[in-house]
Structure formats: structure tokens, C-alpha cells
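A structural walkthrough
In case you want the letters, here they are:
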Amino acid sequence: MKIPSARLMIPACFLLALPGATLSAEISVDATSIVRFEQRADTGVSKKDIIPATQFFGLDAAKLADGNLSLHLYGWGRGDLADKSYNNDQFDGSLTYGYLQYRFKAANADVRAGRFFVHEGIVNEQIDGASFRTDLPLGFGFSAFGGANVHTQNLYNENSDGKGDGNFGGRLNYRYRGVLELGVSGQYETNAPTLNNYPTVNHRTVGGDVWFSPHRSVELMGHTSYNTVTKGVAENSYLMNVKPLQHLVLTGEYNQHRERNYFYTWASFYKTLDLNNSNNRSSSIGGSASYEFTKAFEVVADYKHYTRETGNADRYGADIKMSFLDNSVRSGLGYHYLRAGKEFAIGDSPSASYHALRAYVMHDTKTYFAAVDVLDYIFKDKVYNERSAWEAMASLGYHLTPALAVSGDFSYGRNPQFTEEIKGLVRLTYNMTFDSKGGKK
């Protein structure tokens, strides 16, 4: 089980040491308890009973100290009550984030300390450390972060997850009148571990991002990153939204990854993944159109073309979304088809082409909520001698109080991996916000 390191306890201890810190605090608690039941059966293998119990817990405390300090925590823990549900650990858990944040009264500035996620330009990381962000004169802005990487599961046949020790970076941006924002950002990771007898290297990337909206009906956003170690473009990712009519939204997107440059440098030299080949790259280009005929009826059609060294593929289809009884009943139908050659798929017995169908309906009231969802995948070629994989799911819940709800899910399905699969869970959800005296908000 993952235990928060000592540096993560500093924010909590600091909070406890503040005299009168909670005099005007607003505290929000979010907790979900889940006990899942699953029975797996396959030909020639004894049935397995999977019963993991999982607890999610979140806490947000605002208006601490002088009113500008806040505390944010979220994490989970799991214990297997029968056969092991995941890897070899009977118990597992993690602190997803836990940090103190102080917002200054000037320059839209704030500082964070603890475990948190960084989303700055080309950077998307989870670290144990600190960050700072502020506006500068003349439309400029600046942010910086630094700390230790949050480590996860080890790679296959390795004693490491491949991440280095430290992670540092930042972003400088310029914004013009709510029409244009340009940014440049960079990241430096230290002491990446040796994998598969390849030497240790560091992860260094730089890049730029853009947001441009010359009119409220047009929006363009995207970024490009460059790996300074492998000396090549790592990623291009761009998205455009256009609204030519009041109820019509057109979206176009383009994404390209050069695997040797895009993945962390430690992965680029990981021979098993064959990512050191500079020719390995993947891209996708596509678009979608969404039209809202009425508030209760919407149609979305989409198409995407995938290109990579092993082959090409096309995915296209449409979804229908409907609502009734003042949006208390919502339903939908969907169909998509993925057309590709066998070389595009990954596995021993793949079918790269398949039809995907979905139908669902949900109903919410002040006292109870319910849903039914059916998924069906029809393969063009048999997978382990099976033509399809399907699953039907049903959910039912009841609000014991406005803040406390109990619900249960049940599903049954058949697929090429399991001759039959039965799953169920019981869920208890609590969500409430209090003022400084414990009163409900």
C-alpha cells in the first residue's frame, strides 16, 4: 500500500498549527464506499470470486487563516475480500493529491505545496513539491514548479516505473484582450533509472501552445513539444471549434506523436517497446458535427483517420441523445465502426475491425435514480473463436438524505476472454459542505 511520504504531512501539520485557522472555514467532504462483486469463468479454469472493497475520500477546506488559504485532499484505499482483483497486492491505496494553496490578493497569484497535478502548456505531471503562478504587467504571465515525481507501478520485468527523481519546469505566456494567448514552456526530469541495460538519461522537453478566438463562434487551441535529448518534435496536437449556426458545432482535430520523442526519454531507449526507432510515429485527424434540433434531441456524427507504422484505420459513426420529463429522463443510441487491417491491432488473435453499438437510459428524481446500459461489439473476424462481446448493466440508487445516497450496479456479459462475466457492486456516496460552525451549506 502506498503511504504518503513525510513531505506530504507538512501541509497538514502546518494547518493544525495555525491558531484560529478554521474560524471562517468552509469545508466540503466527498466520500464514496464501493464493494464490488465479480465472478469470472473461463473454459478449463476454475471460477474466481473478486470482491474488492474500495474507499474514496476527498476534503476541501477554503477560507482558512486570513481567508486566502485552502486545503485540498483526495485519495483512495482498497482491500480484497476474496481473490486478488489486481496485481499481487491484497491491499492498495494512494493519495491522489494533497496540498495547501494560498491565493494572493494581487496579480492573480497563487502558490501550492504538497502533492498536486501540473497542467502548464506542454506539461502534464503529478509531483510532490511546490508551484507558483502570477500575472505580470502588459498581459504577460509566469508559472514555475519543482519537486519529486510521484511514482506508480513498475514496468514489466523492471524494478522501476521508469520515472526519474526530480521534475522541474515552468511557462511564460502572453494574453491579448481575451482573443489570443501564446505560451512557451519547458520541463526537466532528473536521474531517470537504467532500464533493460540502457544508460540513464534525462527527460527534457520544450514547446509552445496557443489559444486563439477572433470571434465567439471560432476557437483554436493546441500545442507543439520538442524533445531536446532525442532532438526531434515529440507531439503536435491541435483542435478547432466552429459554430456557424446557433445549434450547430463543428470540430476538427489533428494529433501526431513521434514515439521516440514523445514518450519519456527512459521509454525511448526501452528495447522491448521498440520506441528507439525514429520512424515510429502515429497520427490522427478527424472531425465531428453536433446539431441540437431541440433541447431534448441532439445528433452527433464523427469521423477519425488513424495512421501509424503498422497500418491505417478509420472510425466513424453517430450518437443520438434524447431527454424527457424536464431532463429527468435521458437516453441515447450509438453506432460506430472501426475499419482496419489485422496489422493495426495488438494481440495474438485480434480483429482490428468491429462494429460498436450502445443503448442507454437514465432516470433521476429527488428520491431515486436508475440506469440501464447495453454495449455490444461485433467483430469482423473471430477473436478466440468468438464473433462478439457484449455486456448489459443496470443501476439503481436511493437518496437517503440530500447528502447521502446508496446505490447498486449489476452487469452480465460474455466476451472472448471470459465465457461469462458477472459483476456487481454496492455504493455509498456522501457529499456535504459545512460552514465554520459545522452547519450545512
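In short, a report on the structure. (Residues numbered from 1 in each chain as written. Predicted model: local features only at pLDDT ≥ 70, side-chain atom pairs only at ≥ 80, totals over all residues. Heavy atoms only, no water.)

Turning our eyes to something else, we now look at the overall build of the chain. A count of helices and strands for the chain gives three helices and 23 strands. Here the chain, with 441 residues, has 36% of them falling under the buried criterion. Pairs at least 24 apart in sequence give 43% of the contacts found in the chain among residues at least 6 apart. For the chain, the exposed surface amounts to about 24,900 Å²; the carbon and sulfur share of it is 59%. (Helix = DSSP H or I, 4+ residues; strand = E, 2+ residues; numbered from the N terminus. Buried < 20%, exposed > 50% of the residue type's maximum accessible area, 1.4 Å probe, protein only. Contact = heavy atoms within 4.5 Å. Areas by Shrake-Rupley, 256 points an atom, 1.4 Å probe, with all protein chains shown as cover.)

Let's shift gears to the side chain of Arg115. As for its position among the elements, Arg115 is in strand β6 (residues 110–120). A polar atom in the side chain of Arg115 sits 2.9 Å from the backbone oxygen of Leu95. Within the structure, Arg115 has its side chain in polar contact with the side chain of Asp128 (distance 2.7 Å). (Polar contact = N/O pair within 3.5 Å; in protein donor to acceptor, adjacent residues only side chain to side chain.)

Turning to the pairing of strand β7 (residues 123–135), a few remarks are in order. Note: β6 against β7, eleven bridges, orientation antiparallel. The residue bridging Arg115 from the neighbouring strand is Asp128, located in β7. Joining the antiparallel neighbours β6 and β7 is a turn of two residues, in which Gly121 adopts a positive phi near 60°. Linking two consecutive strands that pair antiparallel, namely β7 and strand β8 (residues 140–149), is a turn of four residues; a positive phi of about 65° is found at Leu138 within it. (Pairing = 2+ DSSP bridges.)

On to the pairing of strand β23 (residues 420–434), then. Judged from the ten bridges that link them, strand β22 (residues 404–414) and β23 form a sheet pairing that is antiparallel. What sits directly across from Ala405, in β23, is Thr429. Once β22 ends, the chain turns through five residues before running back antiparallel as β23.

Residue position: Ser388 is located in strand β21 (residues 386–399). Accessibility expressed as a relative area gives 25% for Ser388, which makes it partly exposed. In contact with Ser388, not counting residues within four places along its chain, are Asp376, Tyr377, Ile378, Phe379, Arg414, Asn415 and Pro416.

One pass over the structure, following the stated rule, counts 15 salt bridges. The closest approach of N and O atoms between Asp80 and Arg78, which form a salt bridge, is 3.6 Å. Exposure class is identical for Asp80 and Arg78. Each is buried. For Asp128, the salt bridge identified is with Arg115, shortest N-O distance 2.7 Å. Here Arg115 lies in strand β6 and Asp128 lies in strand β7, a separation of 13 residues in the sequence. (Salt bridge = Lys/Arg side-chain N within 4 Å of Asp/Glu carboxyl O.)

This part takes up a nonpolar patch on the surface. Among the surface-exposed residues, Phe37, Tyr368, Leu396, Tyr398, Leu400, Val406, Val426 and Leu428 lie close enough to one another that they form a single nonpolar patch of about 700 Å² accessible area. Secondary structure elements with two or more residues in the nonpolar patch: β21 and β23. Secondary-structure assignment places Leu428 in strand β23. (Patch = residues over 30% accessible without salt bridge, like charges linked within 9 Å, V, L, I, M, F, W, Y side chains within 5 Å.)

None of the figures reported here should be taken as evidence of function without further support.
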